[in-house]
Amino acid sequence: MALWKSIKSGWMAFAHKLGKINTAILLSIVYFVTLGPISLGARVLIGDLLGIRAKEGESFASPPENVTVTMERAHKQF
């Protein structure tokens, strides 16, 4: 009986490790098969989804607002 318990214990440890490997492989395949084509299709059909790419020669910096600096404004920064 102890022999069967040790065999079962070893088999379950092996099955657990194999299950982790199998899960990682299957989830990776599902991720790349589903999200890859969706991402490529969106880039081709829609383009810049978030509108964050700078045009040629433009900058991401926004011009400063016309704000007068006073002590009251310094106390209420947010």
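Residues numbered from 1 in each chain as written. Predicted model: local features only at pLDDT ≥ 70, side-chain atom pairs only at ≥ 80, totals over all residues. Heavy atoms only, no water.

Section: the packing of aromatic side chains
- This structure, assessed with the given rule, holds 2 aromatic pairs.
- Between Trp11 and Phe14 the ring centres are 5.5 Å apart and the planes differ by 45°, which places this aromatic pair in the tilted class. One end of the pair is Trp11 and the other is Phe14, both in helix 1 (residues 2-45) and 3 residues apart, which spans about a single turn.
- Using a relative accessible area of 54% as the deciding quantity, one classes Trp11 as exposed.
- Its relative accessible area of 45% is what places Phe14 among the partly exposed residues. (Phe/Tyr/Trp six-rings, centres within 6.5 Å; stacked < 30°, edge-to-face > 60°. Helix = DSSP H or I, 4+ residues; strand = E, 2+ residues; numbered from the N terminus. Buried < 20%, exposed > 50% of the residue type's maximum accessible area, 1.4 Å probe, protein only.)

Regarding helix 1
- In a regular helix each residue adds 1.5 Å, so 44 residues correspond to 64 Å; helix 1 covers 64 Å between its end C-alpha atoms and thus fits that length.
- In the stretch just after helix 1, Gly47 is the one whose phi turns positive, near 90°. (Expected span 1.5 Å × (residues − 1).)

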